[in-house]
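For reference, the chains in residue letters:
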Amino acid sequence: MDAATSPVRVERHGPVGVVVIDHAPVNALSKGVRQGLRDAVGALGADPGVSAIVLSGGPGRFIAGADIREMSLPPDDPLLPDVIAAIDALDKPVVAAIDGAALGGGCEVALACDLRIASPKALVGLTETRLGIIPGAGGTQRIARLVGIADAIALVCEGRILKAQDALGLGLLDEVVDGDLIAVAVARAPQAAKRRLSERAVPEGDAAREEAAAAAALKGAKGLPAIAEAVRVVRAARGTAFAAGLADERATFLALRESLEAKALRHLFFAEREAGKVPGLEGAAARVLKQAAVIGAGTMGAGIAVALADAGLPVTLVERDAAAAEAGLARVRGLYERPVKSGRLSQAEADKRLAAITATSDWQALADADLVVEAAFEDMAVKADIFGRLDAVAKPGAVLASNTSYLDLDAIAAATSRPQDVVGLHFFAPANVMKLLEVVRGKATAPDVLATALALAKRMGKQPVVAGNCDGFIGNRIYAVYRRHAEYMVEDGATPEEVDAALEAYGFAMGVFAVSDMSGLDIGHAMRKRRAATRDPAERYVVIADALVEAGRLGRKTGAGWYAYDAAGGKSADPAVAEAVAAARRAAGIAPRAFTAGQIQRRLLAVMANEGAKALGEGIALRASDIDLAFVNGYGFPRLKGGPMFAADEMGLAAVLAEMEAAHAAGGAGSEPAPLLVELARSGGRFATWTR
Ligand code: NAD
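Residues numbered from 1 in each chain as written. Predicted model: local features only at pLDDT ≥ 70, side-chain atom pairs only at ≥ 80, totals over all residues. Heavy atoms only, no water.

Quick notes on the overall build of the protein chain
- Each helix and strand counted, the protein chain has 28 helices and 21 strands in total.
- Relative to the compact-globule value of 26 Å for 692 residues, the protein chain shows a C-alpha radius of gyration of 28 Å, a close match.
- Looking at the protein chain as a whole, 54% of its 692 residues qualify as buried.
- The contacts of the protein chain with a sequence gap of at least 6 include a subset with a gap of at least 24, amounting to 73%.
- Summed over its atoms, the accessible surface of the protein chain is roughly 27700 Å², and 57% of this surface lies on carbon and sulfur atoms.
- Averaging the coordinates of the 77 positive side-chain charges in the protein chain and doing the same for the 83 negative ones gives two points 1 Å apart. (Helix = DSSP H or I, 4+ residues; strand = E, 2+ residues; numbered from the N terminus. Rg over C-alpha atoms; globule rule 2.2 N^0.38 Å. Buried < 20%, exposed > 50% of the residue type's maximum accessible area, 1.4 Å probe, protein only. Contact = heavy atoms within 4.5 Å. Areas by Shrake-Rupley, 256 points an atom, 1.4 Å probe, with all protein chains shown as cover. Lys, Arg positive; Asp, Glu negative; His and termini not counted. Charge placed at Lys NZ, Arg CZ, Asp CG, Glu CD.)

Okay, here's the thing in structure tokens:
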């Protein structure tokens, strides 16, 4: 690469050479940047007219980290450790001038400098464990020498991103300057002493603190192998020569890079960036939202109001009568209690947000809203009535959204004279906490309304996934099949506890039956009743859940569901459930057989991926990675497995198809292998690379 095309240039400020990295958008350490850095450092090191060097990422930046796309490819020269070794070897003082993100490999570059000066905008951290790896270019060895073992373990294992002042406090930065960062760095550089961390000993530490840091990190590891490795490699810095520690770190980094967990986390990293790209939205500008309203202040409505207020929008809750409005407001207050108690939110801030939420039964209050989210009962007649009345009061251009879980968005839109303004905003409970926002695009939804929904998701810190209109959209559609097959296995011989244990062993926070108990068995019951008229008689139907509901077992809220609950909320297997299961087996003439955890896991993964393949084939989901995002962010699917479509790709689609054929035999109509799965299994394809 010649100087004209290199993303790295050199400026001279008298005797100081300033290396400027200019590689939009974030100065990722691509091959070109590494080459440019190496060449610039080499040239300035050899230039007798240069007495000191400043490394800069230009205004608002430093180096945000590795180029994550390259992480799935074989390492390519020049390697980052070699570039950093070249910086470390310089006899001239080197100053890092950090005006933005110095994360991951960018932080490792900064740690190899003699002085780290930053603006208040700087963000510093060794964030590699967030991607399932550890620093691979000296980060663990230098940070341990800089801040000691205990803090180094915490920083690396949490992948903590420090603001400038915090980084200064911990010693990661030497100075935070308000004014002209480059001018200060250039002024300091010639006088700076050489202070190579590579030549320093690890500071003596408090053994108990180090032990506690390691224990806390391992406890928070949640199955991520990088954490134990990070703890080991950081601890090894004491008593190990720098070069040996570096070699150990690099070998560990290279091995972890290939791990399934790291691949899954990289997959999700890209999935998040892809999810906002929606065909047909080019040039559509989001509408301006200044005032929001929510219709229905129940479980969801209250949570949605909090999510909106947290994003800085004033919210009016509209309920059926004054008492319901007051109850809704009380629910909202309750939602702010927990973050205040835990210290995540100050009382003053909570009060400010609470003041932005009002409740009323007066529909005229909806006239001012730029966005209305309906979260009333899951009943088409109720929703059609609400949208009809809303049409009469809402101002022109207001975005009219429904939080429906399953209902036909186009039918809801048809109750208005402006179906182009109607969109689904499917929040997940608790709506102020859960990251997923399923954005449902109706057949008439205008591009700028969809763009508004995506912008709102971002404003609320949520992960949007765009879905087409069908029963259950992406998430609940797939979840319904998953739950059905869990029940088939129970009727065929597994216990609910075995199914849940298998799912938890796979990495789900909670098994499917424990989740049903938490949300309430009445929800599924109502859904099955609604579908009864249209259900294919060839679809296998398990009556156990209905029997539980009819016995008054609605889950946690009634103290019993698939499990029995004690006063403290502890759950246990319940003989009454075993009896309901046995009765169902007898009635269906089934001789129970045993299931291993592996069989349960494979079956449920196959049915999720299969239904996902149907949603993809029908265009309900835009891409497989959107389905993965939905399940990871909304349904407790383990992040380290990358989502059901990614996990199916890893299992191999021929094996998934074979499993699905068995699932079809068990489930009957509705469980047919998806045409797309059959096609990809035959051609050796993958969901990840399939395009329409
Ligand atoms: P909920 O019963 O807790 O709350 C519904 C509220 O709507 C009640 O307070 C009720 O008084 C009010 N309401 C009903 N009709 C109204 C009307 N005409 N005008 C004003 N207010 C009215 O129900 P929920 O669990 O909050 O669910 C609400 C919606 O969100 C449903 O469509 C549901 O499918 C969906 N949803 C629920 C969940 C969940 O986990 N609970 C998750 C995602 C989506």
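Some words on the UniProt feature "domain: 3-hydroxyacyl-CoA dehydrogenase NAD binding" (unreviewed entry) in the protein chain
- As annotated in UniProt, the feature "domain: 3-hydroxyacyl-CoA dehydrogenase NAD binding" (unreviewed entry) corresponds to residues 292-469 in the numbering used here.
- Helix makes up 41% of residues 292-469 and strand 21%, whereas the separation of the span's terminal C-alpha atoms amounts to 24 Å. (UniProt positions renumbered as here; feature names shortened; annotations may be inferred.)

Section: the domain arrangement of the protein chain
- Annotation of the protein chain at the domain level lists domain 1 (8-258), domain 2 (292-469) and domain 3 (476-689).
- A straight line from the C-alpha centre of domain 1 to that of domain 3 covers 45 Å. (Domains from an automatic or database assignment.)

Comments concerning the environment of Leu 653
- On the secondary structure map, Leu 653 appears in helix H27 (residues 653-667).
- In the structure, Leu 653 is positioned 264 residues away from Arg 389 in sequence and 49 Å away in space, judged by C-alpha atoms.
- Non-local contacts of Leu 653, meaning those with residues more than four positions away in its chain, are made with Ala 648, Leu 677, Leu 680, Ala 681, Gly 685, Arg 686 and Phe 687.

Brief notes about the pattern of salt bridges
- Under the defined criterion, the tally for this structure stands at 49 salt bridges.
- Residue Asp 174 pairs with Arg 195 through a salt bridge whose shortest N-O separation is 2.9 Å. Within this pair, whereas Asp 174 is found in the loop between helix H6 (164-170) and strand E11 (175-176), its partner Arg 195 is found in the loop between helix H7 (181-188) and helix H8 (207-219), the two being separated by 21 residues in sequence.
- Asp 174 gets classed as partly exposed once you look at its relative accessible area, which sits at 30%.
- Overlapping salt bridges, with partners in common, bring together Arg 477, Glu 611, Lys 614, Glu 618 and Glu 672 in one network. (Salt bridge = Lys/Arg side-chain N within 4 Å of Asp/Glu carboxyl O.)

Thoughts on the pairing of strand E13 (residues 315-318)
- Burial of E13 is two-sided: the residues Val 315 and Leu 317 facing one way and the residues Thr 316 and Val 318 facing the other way are all buried.
- Following the backbone out of strand E12 (residues 292-295), through helix H12 (residues 299-310) and into the adjacent parallel E13, one traces a crossover that is right-handed.
- In the sheet, E13 pairs with strand E14 (residues 357-360) via 4 bridges, with the strands oriented parallel. Each residue of the ladder has a partner; that of Leu 317, found in E14, is Ala 359. (Right-handed = clockwise from strand over helix to strand, strands pointing away. Pairing = 2+ DSSP bridges.)

Some details on the sheet that holds E14
- Spatially, the 8 strands line up as an open sheet ordered E14-E13-E12-E15-E16-E17-E18-E19, and their pairing is mixed. Each edge of the open sheet is held by one strand with a lone partner, namely E14 and strand E19 (463-468). Pairwise comparison of adjacent strand axes, ignoring direction, gives a mean angle of 25 degrees for this sheet.
- Bridge analysis of strand E16 (residues 399-402) against strand E17 (residues 422-427) gives 3 bridges, and the strand direction is parallel. (Axes fitted to C-alpha atoms, helices over the stretch in contact; angles between N-to-C directions.)

Examining the sheet that holds strand E9 (residues 123-125)
- One open sheet accounts for 3 strands, arranged E7-E9-E10; its pairing is mixed. Sheet topology places strand E7 (101-103) and strand E10 (162-163) at the edges, where each strand pairs with a single neighbour.
- Pairing between E7 and E9: 3 bridges, direction parallel. Looking at the pairing, Ala 102 lines up with Val 124 of E9.

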